[in-house]
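# Coordinate inspection notes
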Amino acid sequence: MKLTERQADALSELINIAFARTGAALSELTGHRVVLNPPEVAVYRTEELRGALAKFVPGDVASIHQVFAGPVAGDALLLLNYAGAVQLTDLLTEGHQQPSVFLDESAREVLTEVGNILLNACLGMFGNLLNVHVTFSVPRLHLETLDELLGSITTDKTEMHFALVIYTAFQIRDSSVKGFLVIVLSVASLDRLIQEVDVWEAQQGK
Amino acid sequence: MTAVSKENLLNAAVLHWMHDLAAQGIITTDHELNVAGWNQWMEAHTGKRASEVIGHNLLDLFPELTERRLDRQYKWALEGQVRVLSQALHSYLISMPAVSVEQGFAQMQQAGRISPLSHEGRVIGTLTIIEDVTERVAREAELQSQIEARSKLLASEKLARSEAERANRLKDEFLATISHELRNPLNAIMGWAHMMRLGKLTPANAERAVETIYRNAKSQAQLVADLLDVSRIISGKLRLDVRTIDLINIVNAAIDSIRPAADVKGIRLQTMLDPAAGPISGDADRLQQIVWNLLTNAVKFTPKGGKIQVKVQRIDSHVEIVVSDSGVGISKEFLPHVFDRFRQADASTTRIHGGLGLGLSIVHQLVDLHGGGASVHSDGEGKGATFTITLPFVGVISSQQEEAAEPAQEEVTPFDGLPSLRGLKVLVVDDEADTRELIREVLKECGSEVILSRSAAEALEAIEQHKPDILISDLGMPDEDGYSLISKIRALPAEQGGQIPAAALTAYARAEDRMRVLRSGFQFHLPKPVDSAELVTVVASLAGRAYQQS
């Protein structure tokens, strides 16, 4: 399944609204201006996901994982490479004189909250768009290799799944931390989402 | 067990755990945020009993939640979102005192989670879980400060290491310089000596060879003297022989000794010596060395036809010696390192100016020992340099004002200007044949008769047999050293040579060596390498100075 250019543009625009809300929430929390770069969206089959992400996350991956359920169901993840995760928490909390080298419990908590805000904003936006009620699981932070991570989200082999990969970067205090938002959906859910995006896009044009 | 009773059992267990057992705060509300559940942990930490809060609106009970915009978290929870609240970004959810103040927090540090409570797809309320993370946060802060302290330590260790490496590099450069500087004169000495041995030199060339050998040996002796000075200064063994002295005499003596070198380069030496500048308190030899080093430096770095000015003036309670030149000057970068040991502005192998870079370091240390100060000024490369030495002034002129010492670096004294040693019988004791021969040649040249001995035993025999007038003895000899020899001689009756005037010849040139030599029964101490003129002068002055036991 491929997105047309117009669909990709419309989806990016919608996600950008969620990003703006996330940026505003994080700015308010930290007292620093936090901006998320406009998203770049691509669709992959879950089997292709590894190849698409491997270049960005060669070592350990920090991921915040939330499962959502309802008429549209799937997995939503915020992915950062380990160093990026450490840097992001340092930038958001600025508690230390020296850059941290590892994620302590408090840093993991912050990452979980950041992922929670971002994933809620995006999934909430999708829910509104589809006019469906989506329920969320508690966000969980995982530190593992990309293979372990991908193994944990593609458990259902009975149905073909697609991954919406949204590339962005957090801009805070003259620094930039790259991140990926990965939303894994069943083919039916993705179909429905794209249809609604088409409708929204058509309405915008009016 | 029926399904219903199983559900009842589970519900009872959950309620029991939530209310009584949980180590977290648990609050449940209905969909209007009216408190429905308030566990024992919340009672214990807020001081509010469940009966006081149940049925009341959570945001009314804790207006702070709205003030801190946490009411929105409840709004989102009611929309179905799970919200996590980190300690690092919020500190706490509901204000409670810390359990223990040991961790340094007055407020309990909390992490929280607010979830929707749903029933049949509909949100019917919220569930808040509050965790006390104060201890964890304190532990993390402690760990972080340890990491920071460690990395600071690592950084300072790294700095110390790079300093040590720099010092090591300087030492290496110095060793390279020293071997070069020592080898250079040696090459000339060996080369000319070899040609002389072959006997193929014309008389004119032979004279030139001797002249070259002498000049190079002299320059090498100066290098060794500098090195010894530095080693004494470093080890704190340099002692000043402090007396009240006339600085003008000393400066004049130094100028006289440098004048030939300045004349060769056509450098004008200008002096402005204030007679009111002296006296000062100091070591005459060392002060002359200071002035001589400054002047040598100035001559070395001043091009042909340049000018050197020496000024001595009294300013308030101190005396200033100012040596300025019109030489190559000093770059701004090198200026702070001028007095550093082993430093030369140009350390390259192709540099024009030789030397070890010790002279100015010695000047600085010697001035320090005199309680004075040394400073340097230069407007930059090519713009000359000015060295200023300040020394404390002594107010009262001592009635026993000491004469300034003779110049340490006297010019080559021609043999024919030396006193005659005719009629003197000199016994020379040294285990090294070369030294024996050299001394014999020098003394014979001045007319004395010379007897040579290779050891203390031979010397004692020679004294008995030849009754020499004067003894020149080496100190370090195998079997029996010079100290032992002189003590045996001094034990002899006068008629058997017990009072023979004696001088010790040694490479041990330290002050304490000199003291030991004089105490042991010698009247003079001649440091090696022996200077011919000095040797002859010493022998002449020893003649007729029979040893008097004090």
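Residues numbered from 1 in each chain as written. Chains lettered and ligands numbered in written order. Predicted model: local features only at pLDDT ≥ 70, side-chain atom pairs only at ≥ 80, totals over all residues.

The next subject is the overall build of chain B. When its secondary structure is counted, chain B shows 17 helices and 17 strands. Burial status across chain B gives 32% buried among its 550 residues. Taking the intrachain contacts of chain B between residues at least 6 apart in sequence as the baseline, contacts between residues at least 24 apart amount to 65%. (Helix = DSSP H or I, 4+ residues; strand = E, 2+ residues; numbered from the N terminus. Buried ≥ 20, exposed ≤ 12 C-beta atoms within 10 Å, placed from the backbone. Contact = placed C-beta atoms within 7 Å.)

Bringing the overall build of chain A into the picture now. Secondary structure assignment for chain A yields six helices and eight strands. Across the 206 residues that make up chain A, the buried fraction comes to 45%. Within chain A, counting contacts between residues at least 6 apart in sequence, those at least 24 apart form 69% of the total.

We now examine the interface of chain B and chain A. On the chain A side, the residues contacting the 20 residues of chain B number 22 residues. Contributions of two or more residues to the side of chain B that touches chain A are made by strand 3 (83-85), helix 7 (87-90), strand 4 (110-119) and helix 8 (134-198) of chain B. Top contributing element to the side of chain B that touches chain A by residue count: helix 8 of chain B, with six residues. Residue classes in the side of chain B that touches chain A are distributed as seven nonpolar, eight polar and five charged. (Nonpolar A, V, L, I, M, F, W, Y, C, P; charged D, E, K, R; others polar.)

Another point: helix 10 (residues 247-264) of chain B. Residue and element names in this part refer to chain B. Taking 1.5 Å of rise per residue, 18 residues should cover 26 Å, and helix 10 covers 26 Å from first to last C-alpha, within 8% of that figure. Along its length, helix 10 shows its largest kink, about 40 degrees, at I258, and proline P260 lies within four residues downstream of that point. For helix 10, the complete set of buried residues consists of L247, I250, V251, A253, A254, S257, I258 and A262. Residues of helix 10 that are buried make contact with strand 6 (243-245), strand 7 (268-273), strand 8 (280-282), helix 11 (284-301), strand 9 (307-315) and strand 10 (318-325). Downstream of helix 10 by a residue or two, G266 has a phi angle that is positive, lying close to 65 degrees. (Expected span 1.5 Å × (residues − 1). Bend = angle between axes of the 7 residues up to and from the residue.)

Right, let's get into the confidence of the model for chain B. All names here are of chain B. In the predicted model, chain B carries a mean pLDDT of 83, and the fraction of residues at 70 or more is 89%. Confidence drops under a pLDDT of 50 for residues 396-414, and excluding neighbours within four residues, the segment shows 36 contacts in the predicted structure. For this predicted complex, the interface confidence score (ipTM) comes to 0.87, while the overall pTM stands at 0.54. (pLDDT = per-residue confidence, 0-100.)

Residue and element names in this part refer to chain B. Taken in spatial order, the five strands line up as 14-13-15-16-17 in an open sheet, and their pairing is parallel. The outermost strands of the open sheet, each flanked by one partner alone, are strand 14 (449-453) and strand 17 (524-527). The average angle at which neighbouring strand axes cross in this sheet is 20 degrees, direction not considered. Across four bridges, strand 13 (residues 425-429) lies against strand 15 (residues 470-474) in parallel orientation. Following the sheet pairing, V429 is matched in strand 15 by S473. (Pairing = 2+ DSSP bridges. Axes fitted to C-alpha atoms, helices over the stretch in contact; angles between N-to-C directions.)

Turning our eyes to something else, we now look at helix 15 (residues 482-490) of chain B. What helix 15 of chain B keeps buried is the set B:G482, B:L485, B:I486 and B:I489. For helix 15 of chain B, the angular spread of buried residues about the axis comes to 90 degrees, placing them on one side. (Arc of directions from axis to C-beta.)

Take the packing of helix 1 (residues 5-30) of chain A against helix 4 (residues 105-130) of chain A next. All names here are of chain A. The interhelical angle for the contact between helix 1 and helix 4, taken along N-to-C directions, is 145 degrees, at an axis separation of 9 Å. The two elements helix 1 and helix 4 cross, and the hand of that crossing is right-handed. For the pair helix 1 and helix 4, the contacting residues are L14, I15, I17, A18, R21, T22, A25 and L26 in the first and V114, I117, L118, A121, C122, M125 and L129 in the second. (Left-handed = near helix turned anticlockwise from the far one by under 90°.)

Here the focus is the sheet that holds strand 10 of chain B. Residue and element names in this part refer to chain B. With respect to topology, five strands assemble into an open sheet ordered 7-9-10-12-11, the strand pairing being mixed. Bordering the open sheet on either side are strand 7 and strand 11 (373-377), each of which pairs with just one other strand. Averaged over all pairs of adjacent strands, the angle between strand axes in this sheet comes to 15 degrees, irrespective of strand direction. Pairing geometry for strand 11 and strand 12 (residues 385-392), over five bridges, is antiparallel. Looking at strand 12, one finds that A374 is bridged to I389. Set on the sheet, helix 11 makes contact with strand 9, strand 10 and strand 12; between it and strand 10 the angle comes to about 20 degrees.

So, about the nonpolar core. Side chains of nonpolar character tend, in soluble globular proteins, to be buried together. Ranked by internal contacts, the top residues of the largest apolar core, which has 68 residues, are A:L79, A:C122 and A:V182. It is helix 4 of chain A that contributes the most residues to this core, 12 residues altogether. Look past the residues within four positions of A:L79 in its chain and what remains in contact with it is A:L53, A:V57, A:V61, A:S63, A:G179, A:F180 and A:V182. Listed in part, the 41 residues of the second largest apolar core include B:I290, B:L358, B:I362 and B:A374. (Core = buried A, V, L, I, M, F, W, Y, C linked by C-beta atoms within 7 Å.)

Attention now moves to the pairing of strand 13 of chain B. All names here are of chain B. With four of its five residues buried, strand 13 lies for the most part within the structure. Judged from the five bridges that link them, strand 13 and strand 14 form a sheet pairing that is parallel. Note that in strand 14 the partner of K425 across the bridge is E449.

Another aspect to go through is the environment of B:H370. All names here are of chain B. Along the chain, H370 falls in the loop between helix 12 (359-369) and strand 11. C-beta crowding within 10 Å serves as the criterion here: with 22 such atoms nearby, H370 is assigned to the buried category. H370 sits 20 residues away from T390 along the chain, and the two C-alpha atoms are 9.5 Å apart.

It is worth spelling out the confidence of the model for chain A at this point. When pLDDT is averaged along chain A, the result is 85; 94% of the residues meet or exceed 70. Taking the mean pLDDT of every element in chain A, the minimum, 82, falls on helix 5 (residues 146-153) of chain A and the maximum, 91, on strand 1 (residues 34-36) of chain A.

A word on the pairing of strand 10 of chain B. Residues and elements named next belong to chain B. Two strands pair when backbone bridges link them, and strand 9 and strand 10 are joined in this way by eight bridges, in the antiparallel orientation. By the bridge assignment for strand 10, Q313 is matched with E320. The turn joining strand 9 and strand 10, which pair antiparallel and follow one another in sequence, is formed by two residues; a positive phi near 50 degrees is taken by D316. Of the strand pairs in this sheet, strand 10 and strand 12 are connected by eight bridges, and their pairing is antiparallel. Bridge pairing links V319 to L391 in strand 12.

All right, on to the environment of B:L15 then. With respect to the helices, strands and loops of the structure, B:L15 is situated in helix 1 (residues 3-21). Counting along the chain gives 24 residues from B:L15 to B:N39, while the straight-line C-alpha distance between them is 9.5 Å.

Below, the discussion takes up unusual backbone geometry. With the exception of glycine, most residues fall at negative phi, and the peptide bonds are largely trans. Residue and element names in this part refer to chain B. Even without a glycine there, the phi angle at K467 is positive, about 50 degrees. If you trace the backbone, K467 turns up in the loop between helix 14 (456-466) and strand 15. Positive phi, close to 70 degrees, is recorded for D479, a residue that is not glycine. Within the secondary structure, D479 is located in the loop between strand 15 and helix 15. With 9 C-beta atoms packed within 10 Å, D479 lands in the exposed category.

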